[in-house]
Amino acid sequence: MNPNASKITGVICGYRVEDIEDEIMKQVRYLDKLVDELAKGKKMEKILRE
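Residues numbered from 1 in each chain as written. Predicted model: local features only at pLDDT ≥ 70, side-chain atom pairs only at ≥ 80, totals over all residues. Heavy atoms only, no water.

When its secondary structure is counted, the protein shows two helices and two strands. Along the protein, from the amino end to the carboxyl end, the secondary structure elements read β-β-α-α. By the compact-globule yardstick of 10 Å for 50 residues, the protein fits well, its C-alpha radius of gyration being 11 Å. Across its three principal directions, the C-alpha atoms of the protein cover 30 × 25 × 15 Å. Put simply, 26% of the contacts in the protein that link residues at least 6 apart link residues at least 24 apart. Put simply, the protein shows about 4,100 Å² of open surface, and 53% of that area lies on carbon and sulfur atoms. Across the protein, 10 positive and 10 negative side-chain charges occur, with their mean positions spaced 7 Å apart. (Helix = DSSP H or I, 4+ residues; strand = E, 2+ residues; numbered from the N terminus. Rg over C-alpha atoms; globule rule 2.2 N^0.38 Å. Contact = heavy atoms within 4.5 Å. Areas by Shrake-Rupley, 256 points an atom, 1.4 Å probe, with all protein chains shown as cover. Lys, Arg positive; Asp, Glu negative; His and termini not counted. Charge placed at Lys NZ, Arg CZ, Asp CG, Glu CD.)

Right under this line is the structure:
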């Protein structure tokens, strides 16, 4: 995982990402959020804030 993944915030699948305590579940939600943003048509550069 990218070291900046902890900067991801927001709600995905009804859960606020920054409030999830289980590290594995948090990483799964990070990936869910990434996939959702890509599915909405956002460019990877915009999502990763490059």
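Still to come is the rest of the account.
In this section: the environment of D19. Along the chain, D19 falls in the loop between strand 2 (15-16) and helix 1 (23-39). Residue classification places D19 among the exposed residues on the basis of a relative accessible area of 55%. It is 23 Å that separates the C-alpha atoms of D19 and L38, two residues lying 19 residues apart in sequence. (Buried < 20%, exposed > 50% of the residue type's maximum accessible area, 1.4 Å probe, protein only.)

Turning our eyes to something else, we now look at the layout of surface pockets. The calculated volume of the largest pocket comes to roughly 610 Å³. Listing elements by their share of the lining of the largest pocket, those giving two or more residues are helix 1 and helix 2 (44-47). Of all the elements, helix 1 adds the most residues to the lining of the largest pocket, at five residues. (1 Å grid on protein atoms, 1.4 Å probe; cavity = no way out; pocket = protein on both sides within 12 Å on 5 of 7 lines; lining within 4 Å. Points joined across faces, edges and corners; volume = space filled by probe spheres on them.)

Here we come to the confidence of the model for the protein. Looking at the protein, the pLDDT average stands at 85 and 98% of residues meet or exceed 70. Considering each helix and strand of the protein separately, the mean pLDDT is smallest for helix 2, with a value of 80, and largest for helix 1, with 89. (pLDDT = per-residue confidence, 0-100.)

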